[in-house]
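# Understanding the architecture of this molecule
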Amino acid sequence: VPGADANVRIAFVPTGERFRVLLAAPQAEGALHLAAAPGDTASGEIVGADDADLLVLPDGLGIHNHAFSTADYRVAVPLSIARIDVRVAGRVVWSGPTASLPAGGTRIDLAADLSTSQR
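Residues numbered from 1 in each chain as written. Predicted model: local features only at pLDDT ≥ 70, side-chain atom pairs only at ≥ 80, totals over all residues. Heavy atoms only, no water.

### Focus: the sheet that holds strand β7 (residues 72-78)
Hydrogen bonding along the main chain pairs the strands of a sheet, whether they run parallel or antiparallel. A sheet is described by the order of its strands in space; here 5 strands give the open sequence β1-β4-β7-β3-β10, paired in mixed fashion. Of all strands in the sheet, those bounded by a partner on one side alone are β1 (7-12) and β10 (106-109). Each adjacent strand pair in this sheet contributes to an overall mean axis angle of 15 degrees, direction not counted. Both β1 and strand β4 (residues 42-47) contribute to a ladder of 6 bridges, which runs antiparallel. Bridged to N7 within β4 is V47. (Pairing = 2+ DSSP bridges. Helix = DSSP H or I, 4+ residues; strand = E, 2+ residues; numbered from the N terminus. Axes fitted to C-alpha atoms, helices over the stretch in contact; angles between N-to-C directions.)

### Quick look at the packing of aromatic side chains
Inspection of every chain in the model, using the stated rule, returns 1 aromatic pair. Here F12 and F19 contribute two aromatic rings whose centre-to-centre distance is 6.1 Å and whose plane-to-plane angle is 15 degrees, an arrangement assigned as stacked. (Phe/Tyr/Trp six-rings, centres within 6.5 Å; stacked < 30°, edge-to-face > 60°.)

### Things to note about the pattern of salt bridges
If you walk through the whole model with that rule in mind, you get 3 salt bridges. As a salt-bridge pair, R20 and D59 come within 2.7 Å of each other at their nearest N and O atoms. Linking R20 in strand β2 (residues 18-23) with D59 in the loop between β5 (53-57) and β6 (60-64), this pair joins segments that are 39 residues apart in sequence. Assessed through its relative accessible area of 30%, R20 is described here as partly exposed. Salt-bridge contacts for R74 lead to E45; the nearest nitrogen and oxygen are separated by 3.3 Å. Of this pair, R74 sits in strand β7 while E45 sits in strand β4; the two residues are 29 residues apart in sequence, bridging distant segments of the chain. (Salt bridge = Lys/Arg side-chain N within 4 Å of Asp/Glu carboxyl O. Buried < 20%, exposed > 50% of the residue type's maximum accessible area, 1.4 Å probe, protein only.)

### A word on the nonpolar core
Judged by nonpolar contacts, the single largest core of 26 residues is most densely connected at F19, L23, L32, L34, I63, Y73 and V86. Only β2, β3 (31-37), β4, β6, β7, β8 (83-88) and β9 (91-97) provide two or more residues apiece to this core. In contact with F19, not counting residues within four places along its chain, are F12, P14, A42, D59, G60, L61, V75, V77, I81, R83, I84 and D85. (Core = buried A, V, L, I, M, F, W, Y, C linked by side-chain atoms within 4.5 Å. Contact = heavy atoms within 4.5 Å.)

### What to know about the environment of V88
Checked against the element boundaries, V88 lands in strand β8. Under the relative-accessibility criterion, V88 is labelled buried at 3%. Each C-alpha atom, one on V88 and one on Q27, is 9.5 Å from the other, the two residues being 61 residues apart in sequence.

### Quick notes on unusual backbone geometry
Phi is positive for A89, which is not a glycine, with a value near 55 degrees. Inspection of the secondary structure puts A89 in the loop between β8 and β9.

### What about the confidence of the model for the chain?
Looking at the chain as a whole, the pLDDT averages 89, with 88% of positions reaching at least 70. The least confident element of the chain is strand β11 (residues 117-118), whose mean pLDDT is 46; the most confident is β2, at 98. Here residues 115-119 scores under 50 on pLDDT; set against residues more than four positions off or in separate chains, the count is 17 contacts. (pLDDT = per-residue confidence, 0-100.)

### Quick look at the side chain of S43
Positionally, S43 belongs in strand β4. There is a polar contact of 3.4 Å between the side chain of S43 and the side chain of R9. Contacts of S43, omitting those with residues within four sequence positions, involve R9, I10, A11, R74, V75 and A76. (Polar contact = N/O pair within 3.5 Å; in protein donor to acceptor, adjacent residues only side chain to side chain.)

Okay, structure coming up:
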């Protein structure tokens, strides 16, 4: 059904000690929900819109979005990964140890007026 909310989800086993989440652009609205996960599987999900694509990278997850995107994203990273870096258009918007994420995860606003959060 055109215009219906869409959910796209991928899961994969990352390698290495660092995990990067790379978003192509700040967007009109929407947020990234970043959480730690048990086990060895990372996952990414697009929620609420179909105006972005997910891409598995050698060291993380790419999100090909646009300035007009309105989607939210859920990313879960295994606790076995030491550190996570989130970048929007090349700019670091969150960086820290995976173990520092709160139990329910953290929300990162993707609106154009991004503020940097370091852990």
